[in-house]
Protein chains: 2
Amino acid sequence: MTGTSEASLIDRCRRSGLRITGPRRVILEVLQSAEDHPDVEELHRRVSRIEPGVNIATVYRTMNKLAEHGLIERHMFDDGRQRFEPAPAAHHDHFINVESGEVVEFCSEEIERLQEEIAKSHGFEIVSHKLEIYVRPRRSR
Amino acid sequence: MTGTSEASLIDRCRRSGLRITGPRRVILEVLQSAEDHPDVEELHRRVSRIEPGVNIATVYRTMNKLAEHGLIERHMFDDGRQRFEPAPAAHHDHFINVESGEVVEFCSEEIERLQEEIAKSHGFEIVSHKLEIYVRPRRSR
DNA sequence: CTCTAGTTGCAACTTGTTCGCAATTAAAAC
DNA sequence: GTTTTAATTGCGAACAAGTTGCAACTAGAG
């Protein structure tokens, strides 16, 4: 999520043979500095704040390109809209706070292991997985 | 998923105060005998085979009503369209075969338990969750 | 049998996303 | 630097899934 990362998105795009244009540069900046999991409209809003005139179709196209090249990760939570995060180093799952919409990442070795085990016992090989836990702040206690 | 069930969907609708009309009766039949997780278009197709003339908007509205009353469960897999299954007795998760699109149910006490634990440690209370494992048949071995 | 609120078909609409196309442009090749 | 050309862009139109307004219809309570 955050800019803890290594090589800038821009560099990684170049290495993937993607052209760095004006609009794209801004989109990448926005993505790189995103601390959350914005959807396309939100990205477009942030981009427009920096440089108005970038069409939302361009944002869509750019996100598709980036996803194709594995440079970002696309999520589809229950609100039915795509959300993105710069491809994280390690896999993780998500808490979605149903009250605020906020997304929190977490990971559990143990759950991953159990999944492997269960898949195997069903004769499957895991391609990918998605664990979303819809939560609310624990009251009282 | 299958008709292993108890009280018919129709009865449960009546008990929920939903009217049983012609179109609705057919939709419920189709749902009840579904062995899979059909989307609205597929449901509509099946309904139309039994009784043509039912509008797809009616299927949408009926599914919304049923979901409101907890009589069916709505899923949103990565294909981005709603899919449904008659509300199952017990919670379960899903394998989605990425090659065939087929959906297989499974459940794991242990994973559920771990989720609780992790949520708690983050100060959350679980509202619901969703674990989807995208798989393919295990080759060779 | 009557009456009314729930339900339906239909067409129009909304929302999120993609597409065609002509104009622009990054960056590879001179 | 200049040329070249394939990738990218803006724009408006087109899509796809799902929803809605409304007048007509009807299940089921009384």
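Every chain begins its residue count from 1, and numbering advances along the sequence as written. Labels are handed out in written order, letters beginning with A for the chains and numbers beginning with 1 for the ligands. Only residues with pLDDT of at least 70 get local features here, since the model is predicted, and only at 80 or more are side-chain atom pairs given and counted; chain-wide, interface and lining totals rely on the full set of residues. Values reported for side chains reflect all heavy atoms of the structure, with hydrogen atoms and water molecules removed beforehand.

Draft legend 1. Local environment of the overall build of chain A. Broken down by element type, chain A carries 5 helices and 5 strands. A run of H or I in DSSP counts as a helix once it spans at least four residues, and a run of E counts as a strand once it spans at least two, with each numbered from the N terminus. Shown N-terminal to C-terminal, the secondary structure of chain A runs as helices and strands in the order α-α-α-α-β-β-β-β-α-β. By principal-axis analysis of the C-alpha atoms, chain A measures approximately 50 × 40 × 25 Å. Burial status across chain A gives 41% buried among its 141 residues. Of the accessible surface of chain A, which amounts to about 7600 Å², a share of 46% is contributed by carbon and sulfur atoms. Averaging the locations of the 21 positively and 25 negatively charged side chains of chain A gives two centres separated by 5 Å. Burial classes: relative accessible area under 20% of the type maximum marks a residue as buried, over 50% as exposed, and values in between as partly exposed (1.4 Å probe, protein chains only). Note on areas: these come from Shrake-Rupley sampling with a 1.4 Å probe, and a residue is covered only by the protein chains present in the view. Neither His nor the chain ends is counted toward charge; the positive residues are Lys and Arg and the negative residues Asp and Glu. One atom stands in for each charge, and that atom is NZ of Lys, CZ of Arg, CG of Asp or CD of Glu.

Draft legend 2. Structural detail: the pairing of strand β1 (residues 72-76) of chain B. We call two strands paired when DSSP finds no fewer than two bridges between them. In the sheet, β1 of chain B pairs with strand β2 (residues 82-86) of chain B via 5 bridges, with the strands oriented antiparallel. Looking at the pairing, R74 of chain B lines up with F84 of chain B of β2 of chain B.

Draft legend 3. Molecular detail of the protein's contact with DNA strand C. What surrounds DNA strand C is a group of 22 residues, the closest being Y60 and R81 of chain A together with R19, R24 and T58 of chain B. Residues are classed as near a molecule or strand on a simple rule: at least one heavy atom within 4 Å of it. The contact atoms of DNA strand C, taken as those within 4 Å of the protein, divide so that sugar and phosphate hold 65%. Here a phosphate oxygen of DNA strand C and a backbone polar atom of Q82 of chain A are 3.2 Å apart. Within 3.5 Å is the distance limit for a polar contact, defined as a pair of N or O atoms, with the added protein rule that one can donate a hydrogen and the other accept it, and that residues adjacent in sequence qualify only through two side-chain atoms. Note that a phosphate oxygen of DNA strand C is positioned 2.3 Å from one of the side-chain N or O atoms of T58 of chain B. Elements with a contribution of two residues or more to the surface near DNA strand C: α4 (56-68) of chain A together with α2 (22-32) and α4 (56-68) of chain B. For this scheme, ten residues count as nonpolar: Ala, Val, Leu, Ile, Met, Phe, Trp, Tyr, Cys and Pro. Four count as charged, namely Asp, Glu, Lys and Arg, and the remainder, Gly too, count as polar. Taken together, the residues of the surface near DNA strand C break down into 6 nonpolar, 8 polar and 8 charged.

Draft legend 4. A look at the packing of helix α5 (residues 109-121) of chain A against helix α5 (residues 109-121) of chain B. Between α5 of chain A and α5 of chain B, the shortest axis-to-axis distance is 10 Å and the interhelical angle comes to 165°. Between α5 of chain A and α5 of chain B, the angle falls in the class roughly antiparallel. Judged by the twist between their axes, the crossing of α5 of chain A over α5 of chain B is left-handed. Packed against α5 of chain A, whose contacting residues are E110, I111, L114, Q115 and I118 of chain A, the element α5 of chain B presents E110, I111, L114, Q115 and I118 of chain B at the interface. Taken together, the residues that form the contact of α5 of chain A with α5 of chain B break down as 6 nonpolar, 2 polar and 2 charged. Angles shown run from 0 to 180 degrees and are taken between the N-to-C directions of axes, each axis being a line fitted to C-alpha atoms and, for helices, limited to the stretch in contact. An angle counts as roughly parallel when it lies under 35 degrees, as roughly antiparallel when it exceeds 145, as roughly perpendicular when it falls between 65 and 115, and as oblique in every other case. Handedness of each helix crossing follows the sense of rotation of the near helix against the far helix: counterclockwise by less than a right angle gives left-handed, clockwise gives right-handed. Contacts are assigned to residue pairs with any non-hydrogen atoms lying within 4.5 Å of each other.

Draft legend 5. Local environment of the relation of the copies chain A and chain B. Between the two copies, chain A and chain B, the superposition gives an RMSD of 0.1 Å; the rotation angle is 180° and the shift along the axis is 0.0 Å. With respect to symmetry, the two chain copies, as superposed, fit the operation of a two-fold axis. Looking at the rotation axis and the C-alpha trace of chain A, the residue lying nearest is L131 of chain A, at 2.2 Å. Taken together, the interface assignments show that 100% of the residues at the interface of chain A recur at the interface of chain B, consistent with an identical surface on both copies. Superposing copies: least-squares fit, C-alpha atoms only, residues required to have pLDDT of at least 70 in both.

Draft legend 6. Local environment of the sheet that holds strand β4 (residues 103-106) of chain A. The strand order across the open sheet built from 6 strands is β4(A)-β3(A)-β5(A)-β5(B)-β3(B)-β4(B), with neighbouring strands paired in mixed fashion. In this open sheet, the two edge strands, each paired with only one partner strand, are β4 of chain A together with β4 (103-106) of chain B. Taken over all neighbouring pairs, the strand axes of this sheet differ in orientation by 25° on average, direction set aside. Bridge count between strand β3 (residues 93-97) of chain B and strand β5 (residues 124-137) of chain B: 4 bridges; the pairing is parallel. If you follow I96 of chain B over to β5 of chain B, its bridge partner there is Y134 of chain B. The sheet contacts of α5 of chain A involve β3 (93-97) and β5 (124-137) of chain A together with β3, β4 and β5 of chain B, and relative to β5 of chain A the element is tilted by about 135°.

Draft legend 7. View of the environment of F124 of chain A. Inspection of the secondary structure assignment puts F124 of chain A in strand β5. In this structure F124 of chain A comes out as buried when scored by relative accessible area, which is 11%. Look past the residues within four positions of F124 of chain A in its chain and what remains in contact with it is A119 of chain A together with F95, N97, V104, V135, R136, P137 and R138 of chain B.

Draft legend 8. A look at the side chain of R83 of chain A. Residues and elements named next belong to chain A. With respect to the secondary-structure elements, R83 resides in strand β2 (residues 82-86). Of the polar contacts made by the side chain of R83, one reaches the backbone oxygen of H37; its length is 3.0 Å. The contact partners of R83, leaving out residues within four places of it in the chain, are H37, P38, D39, E73, R74, H75 and F77.

Draft legend 9. Main features of the interface of chain A and chain B. Contacts between the two partners involve 35 residues from chain A and, on the opposite side, 35 residues from chain B. Here the quantity called buried area is the total loss of accessible area, with a 1.4 Å probe, experienced by two parts when brought into contact, counted for both. Carbon and sulfur atoms make up 66% of the surface buried where chain A meets chain B, a total of about 3300 Å² over both sides. Among the residues of chain A in contact with chain B, F124, E125 and K130 of chain A are the three that bury the most area, contributing 21% of the side total. For this analysis, a salt bridge means a side-chain nitrogen from Lys or Arg found within 4 Å of a carboxyl oxygen belonging to Asp or Glu. Counting every contact that joins chain A to chain B gives 6 salt bridges. Ionic pairing is found between R139 of chain A and E125 of chain B, a salt bridge with its closest N-O pair at 3.7 Å. Inspection of the chain A/chain B interface yields 11 residue pairs in polar contact (both at pLDDT 80 or more). Those elements that provide at least two residues to the side of chain A that touches chain B are β3, β4, α5 and β5 of chain A. With 14 residues, β5 of chain A is the largest single contributor of residues to the side of chain A that touches chain B.

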